[in-house]
Amino acid sequence: MNARLTLSQARRIALAAQGLAKERPTRPAAARQVGRTFDRLQLLQIDSVNVLARAHYLPFFSRLGPYDTGIVDRMASRAPRRMVEYWAHEASYVRPGHFADLRVWQRRPWVGAAGLDPQLRLDLTERILQTLDSSRPLTARAVAERIGHAEKVPKSGWGWNWTAAKRVLEDLFEQGLVSAAGRTAQFERLYAPAAKVLPAACGPLHLPDRDEAMLRLIEAAAAAHGIGSTRCLADYFRLPVKAAARAAGTLVRQGRLEEVEVAGWPGPLYLHPAAARPRRAGGRALLGPFDSLVFERRRLQQLFGFHYRIEIYTPAGRRRFGYYVLPFLLGEQLCARVDLKADRGAGLLLVRGAYAEPQAPVETAVELAQELGLLAQWLGLAGIVVLDRGNLAAALARALGGRLQEPGPGQVLARQDTSLT
């Protein structure tokens with residue numbers, strides 16, 4: 001008979017697995033703590049949007065508080081690398097040990113050279129590989145210059161206006177033959193042969209058995225989630241659901257996963273045997289839109305009763321909560337959300353909207369104010385501005401202790417100097 005858990009127990013297991021169940025350290029996190037957190041999460045999604053902070057920096061702040069982002073940069077750019085880029089849950093930093101397993105399952109031909117003239121594609125592939133093999137890591141622009149490939153691309157229209165050289169580079173990246181040795185200050189990839197980027201022990205060019213690779217990836221996803229459905233486990237590394245279900249069944253028979261039941265959460269559900277089962281959750285965190293806790297929207301709805309979607313690509317007039325909205329975790333409840341922007345020119349953290357969930361605890365505004373103060377200081381912003389949008393804005397302004405004003409819709413409600421937090 002399968003073990004039975006309450007929904008609250010399942011929430012606490014999930015939060016503990018993600019490193020969000022406990023209060024954060026009071027001192028700035030050291031490199032060892034950052035590395036251990038990444039090992040726990042298994043991957044970090046990458047995104048080019050920088051309205052608040054780079055997507056891969058935020059999960060560490062959520063779990064560790066203020067820390068030096070240079071630690072993360074070094075983990076991805078200095079040998080032996082603790083994390084490398086590849087396709088997983090979209091473009092991601094992954095543990096090097098997962099690279100070969102992901103290679104045999106990730107198929108993203110739409111990002112690469114599909115549709116190019118075959119002879120052009122072959123010619124560019126040979127020249128690019130020869131160039132990268134004999135040079136330092138290069139951006140796509142530098143690669144094109146080195147091989148003498150000049151091409152005009154349209155600047156208007158939707159989508160990526162990539163040159164043929166960039167498309168071939170991305171095709172080689174998708175195949176796992178080329179990797180990223182780091183990023184420039186403008187967040188451009190620095191391409192290099194995968195064999196030069198990944199630790200030799202990872203066998204970067206080795207292609208493992210697909211079924212064995214799937215078992216390892218699903219077990220890793222279960223460890224990162226603590227508990228989850230087949231859909232949850234498949235989504236973590238963006239793997240095919242049917243193959244993930246077969247792997248989960250095999251892992252159960254081998255004793256590497258346990259099938260469980262959770263009241264109010266349709267199964268089948270799987271528990272990682274090493275998952276912690278805390279009696280309470282006492283964490284507090286703002287979660288970035290690309291945080292691994294919020295990857296799978298159905299899971300959020302079923303576990304936390306929290307409906308969430310990223311509205312970056314939604315036309316402004318149709319957005320419900322805002323452009324860059326972060327859920328707010330307090331204890332074991334996702335109790336609010338805030339639309340944030342770092343106005344670096346003015347040195348301000350803009351709270352463009354603040355919304356409480358129906359069952360948010362009374363201390364939500366006070367706790368959120370403290371978290372925003374910590375975030376602003378970490379980002380090097382001198383103050384916080386709250387705009388009059390959302391049912392939590394007024395309470396948040398009072399909790400920040402800022403100078404209250406009489407606003408119209410969308411106008412400033414309060415300002416606060418973060419040196420006061």
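Above this text is the structure in question.
Residues numbered from 1 in each chain as written. Predicted model: local features only at pLDDT ≥ 70, side-chain atom pairs only at ≥ 80, totals over all residues. Heavy atoms only, no water.

## Description of the pattern of salt bridges
Cut-off, in case you're wondering: Whenever a carboxyl oxygen of Asp or Glu lies within 4 Å of a side-chain nitrogen of Lys or Arg, that contact is scored as a salt bridge. Only protein chains enter the accessibility calculation, which uses a 1.4 Å probe. A residue is then buried if its area is under 20% of the maximum for its type, exposed if over 50%, and partly exposed in between. Under the DSSP-based scheme used, a helix requires at least four consecutive residues in state H or I and a strand at least two consecutive residues in state E, with every element numbered from the N terminus.
According to the stated counting rule, one finds 25 salt bridges in the structure shown. Where Arg74 meets Asp68, a salt bridge forms, and the shortest distance between an N and an O atom there is 3.9 Å. Accessibility expressed as a relative area gives 34% for Arg74, which makes it partly exposed. The salt bridge partner of Arg183 is Glu85, with a shortest N-O separation of 2.8 Å. One end of the pair, Arg183, is in strand β5 (residues 178-183); the other, Glu85, is in strand β3 (residues 84-88), and 98 residues separate them in sequence. Residue classification places Glu85 among the buried positions, given a relative accessible area of 2%. Members of the salt-bridge network, linked through shared partners, are Glu85, Lys166, Glu170, Arg183 and Arg189.

## Side note on empty space enclosed by the protein
Heads up, the rule is: Think of a 1 Å grid over just the protein atoms. A cavity is a set of points where a 1.4 Å probe fits yet cannot get out, a pocket is an open set with protein on both sides within 12 Å along at least five of seven lines, and lining residues have an atom within 4 Å of a point. Grid points are joined across faces, edges and corners, and a volume is the space filled by probe spheres set on the points. Asp, Glu, Lys and Arg are counted as charged, while Ala, Val, Leu, Ile, Met, Phe, Trp, Tyr, Cys and Pro are counted as nonpolar; the rest, among them Gly, fall into the polar class.
Scanning the model with the defined rule gives two cavities of 30 Å³ or more in all. Here the largest cavity defines a volume of roughly 40 Å³. Top element by residues in the lining of the largest cavity is strand β2 (residues 43-45). It accounts for three residues. Grouping the amino acids of the lining of the largest cavity by side-chain chemistry returns six nonpolar, two polar and one charged. Considering only enclosed or pocket space, the second largest cavity measures out at about 30 Å³ in volume. As for the second largest cavity, its lining consists of Pro289, Tyr308, Arg309, Ile310, Glu311, Gly322, Tyr323 and Val325. For the lining of the second largest cavity, the residue count by class is five nonpolar, one polar and two charged.

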